[in-house]
Amino acid sequence: MDIRVVRRLDVKQQFHYFITERESIRRLKEKGQARPWTDDAILGTYRFCNIRRMDDRVSKWLLDNWYTPERKNHPNMLLAVGLARFFNLPSTLKVIGFPDVWDIDRIYSLVRERHKAGITVFNGAYVVRGNDGRDKIDSVLNYFLRKLHEDKVQEKLDKTSMEKSAKLIQSYYGFGSFMAGQVVADLRWALEGEWLDRNDWAPVGPGSSRGLRWLYGETDKIKVLHKPKEFMVRFSEIMANARKAVPYEITSRLEAHDYQNCLCEFDKYSRTLARQSKPKQIYKPYKGN
């Protein structure tokens, strides 16, 4: 759809259109069809994550290489997921290797060596900050993940509830609501469990909060993060509406965390549509392993 037409839709229709069109692009691309995959100049130019989180390139690599069926329930899986999402870069994870044995000093040396050689070790998709004057590598390995290992947090997870597991992880240094949620979103695929709230709960993060404010016309409050309870009330309404308006062939594949992901990407799309700003990354076909 031409963006001039998209601008004439009401904001909820824009959100439903965004989900449908972005998923259409993924399907056409995976079928091998040549570009352009859309008439939308924004979606055709800039990089947007997939609608379903586990369809993204890094997530697919993790499913194929780290969260494999034979590793499901591995005793170091929480630590593996922590490594995966903090670094979020397959080239780094290939060098580290899946942590069958947790040797943090070995991992630190490998990552530090790559960093000193000028090789990128972190994917810029997530904001990871060093703490108390430490750089990111030191913070992630020696302060964020070390304590999870020492306290045997994986054994304490409630695998009936993503929300409860995220709250436990969030109680540890270095894990905000967003990152704790990203870790649990992976654990749902990497550890056997009922995860009964997978279709109902997702964590609030800056991007999803902004996306939700677009949908409620609160652009004057765009920088104000929703409180979790307020977020969930509104988020539940938005999910219910989307599940009615978006084709079932799409929504049947989506869990709550996917809708949270959609809100983050819709925020980027809406800002571009409103001519406020543009996404940082132009879409470039991925070449590499």
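Preceding this paragraph is the structure being described.
Everything quoted here is computed from the prediction, not taken from an experiment.

A. The arrangement of the overall build of the protein in detail. Each helix and strand in the protein was counted, giving 14 helices and 0 strands. Along the protein, from the amino end to the carboxyl end, the secondary structure elements read α-α-α-α-α-α-α-α-α-α-α-α-α-α. For 289 residues, the compact-globule estimate of 2.2 N^0.38 gives 19 Å, and the protein sits close to it at 19 Å. Seen along its three principal axes, the alpha-carbon backbone of the protein occupies a region of about 55 × 40 × 40 Å. Taken over 289 residues, the protein has a buried fraction of 51%. For the protein, the proportion of contacts with a sequence separation of at least 24, taken over those separated by at least 6, is 68%. Surface summary for the protein: the accessible area is close to 14,500 Å², and the carbon and sulfur share equals 50%. Here the protein holds 52 positive side-chain charges and 37 negative ones, and the gap between their average locations is 5 Å.

B. Summary view of helix 9 (residues 162-170). Among all positions of helix 9, only Met162, Ser165, Ala166 and Ile169 are buried. When helix 9 is viewed along its axis, its buried side chains cluster within an angular range of 100 degrees and face the same direction. The exposed set on the far side of helix 9, more than 90 degrees from its buried face, consists of Lys164 and Lys167. On its buried face, helix 9 is in contact with helix 5 (77-87) and helix 10 (177-190).

C. Broad picture of the pattern of salt bridges. Following the criterion strictly, the structure yields 22 salt bridges and no others. Residues Asp186 and Arg85 are paired through a salt bridge, measuring 2.8 Å at the closest nitrogen-oxygen approach. On the criterion of sequence distance, the pair formed by Asp186 in helix 10 and Arg85 in helix 5 is long-range, its members being 101 residues apart. With a shortest N-O distance of 3.5 Å, Lys167 and Glu163 are connected by a salt bridge. Residue Lys167 and its partner Glu163 are both found in helix 9; the two are separated by 4 residues, about one turn of the helix. Salt bridges here are not isolated pairs; linked through shared partners, they connect Glu23, Arg26, Arg27, Glu30, Arg52, Asp55, Lys60, Glu249 and Arg253.

D. Structural view of unusual backbone geometry. Of note, the bond from Arg35 into Pro36 is cis; its omega dihedral lies within 30 degrees of zero at 5 degrees. Tracing the chain through its elements places Pro36 in the loop between helix 2 (11-30) and helix 3 (41-45). Here Asn73, not a glycine, exhibits a phi torsion of approximately 75 degrees, which is positive. Here Asn73 lies in the loop between helix 4 (57-65) and helix 5. You will see that Lys152, though not glycine, has its phi angle at about 50 degrees, which is positive. Structurally, Lys152 is set in the loop between helix 8 (136-150) and helix 9.

E. Main features of the packing of helix 5 against helix 10. Where helix 5 contacts helix 10, the axes come no closer than 9 Å and their chain directions differ by 125 degrees. Considering the angle they form, helix 5 stands oblique to helix 10. Both helix 5 and helix 10 take part in a crossing whose hand is right-handed. Contacts from Met77, Leu78, Val81, Arg85 and Phe86 in helix 5 reach Met179, Gln182, Val183, Asp186, Leu187 and Ala190 in helix 10. Partitioning the contact of helix 5 with helix 10 into residue classes produces 8 nonpolar, 1 polar and 2 charged.

F. Region of the structure containing the environment of Asp39. Within the secondary structure, Asp39 sits in the loop between helix 2 and helix 3. Residue class for Asp39 comes out exposed when judged on its relative accessible area of 63%. Setting aside residues up to four positions removed in sequence, Asp39 forms contacts with Met1, Asp2 and Glu21.

Definitions and limits used
In every chain, residue numbers begin from 1 and rise along the written sequence. Local features in this predicted model are restricted to residues whose pLDDT is 70 or higher, and side-chain atom pairs enter the listing and the counts only when it is 80 or higher, whereas totals over whole chains, interfaces and linings include all residues. Calculated side-chain values reflect all of the structure's heavy atoms, with hydrogen atoms and water omitted. Secondary structure counts use DSSP, requiring at least four H or I residues in a row for a helix and at least two E residues in a row for a strand, with both numbered from the N terminus. Between the two quantities, the radius of gyration covers C-alpha atoms and the globule rule is 2.2 Å times the number of residues to the power 0.38. Buried, partly exposed and exposed residues are distinguished by accessible area as a fraction of the type maximum, computed with a 1.4 Å probe on protein chains only: under 20%, between the cut-offs, and over 50%, respectively. By definition, residues are in contact when any of their heavy atoms lie within 4.5 Å. Surface accessibility in these figures is a Shrake-Rupley result with a 1.4 Å probe; residues are shielded only by whichever protein chains are displayed. A residue counts as positive if it is Lys or Arg and as negative if it is Asp or Glu; His and the chain ends are not included. For the purpose of locating charges, the reference atoms are NZ of Lys, CZ of Arg, CG of Asp and CD of Glu. Arc definition: it is the arc formed by the directions from the helix axis to the C-beta atoms. When a carboxyl oxygen of Asp or Glu lies within 4 Å of a side-chain nitrogen of Lys or Arg, that pair is called a salt bridge. Axis geometry follows a simple rule: fit a line to the C-alpha atoms, using only the stretch in contact for helices, then measure angles between N-to-C directions, giving values from 0 to 180 degrees. These descriptions rest on fixed angle ranges, namely under 35 degrees for roughly parallel, over 145 for roughly antiparallel, 65 to 115 for roughly perpendicular, and the rest for oblique. The sense of a crossing depends on the near helix, which, turned anticlockwise from the far helix by less than a right angle, makes the crossing left-handed and, turned clockwise, makes it right-handed. Gly counts as polar in this scheme, as do all residues outside two lists: the nonpolar Ala, Val, Leu, Ile, Met, Phe, Trp, Tyr, Cys and Pro, and the charged Asp, Glu, Lys and Arg.

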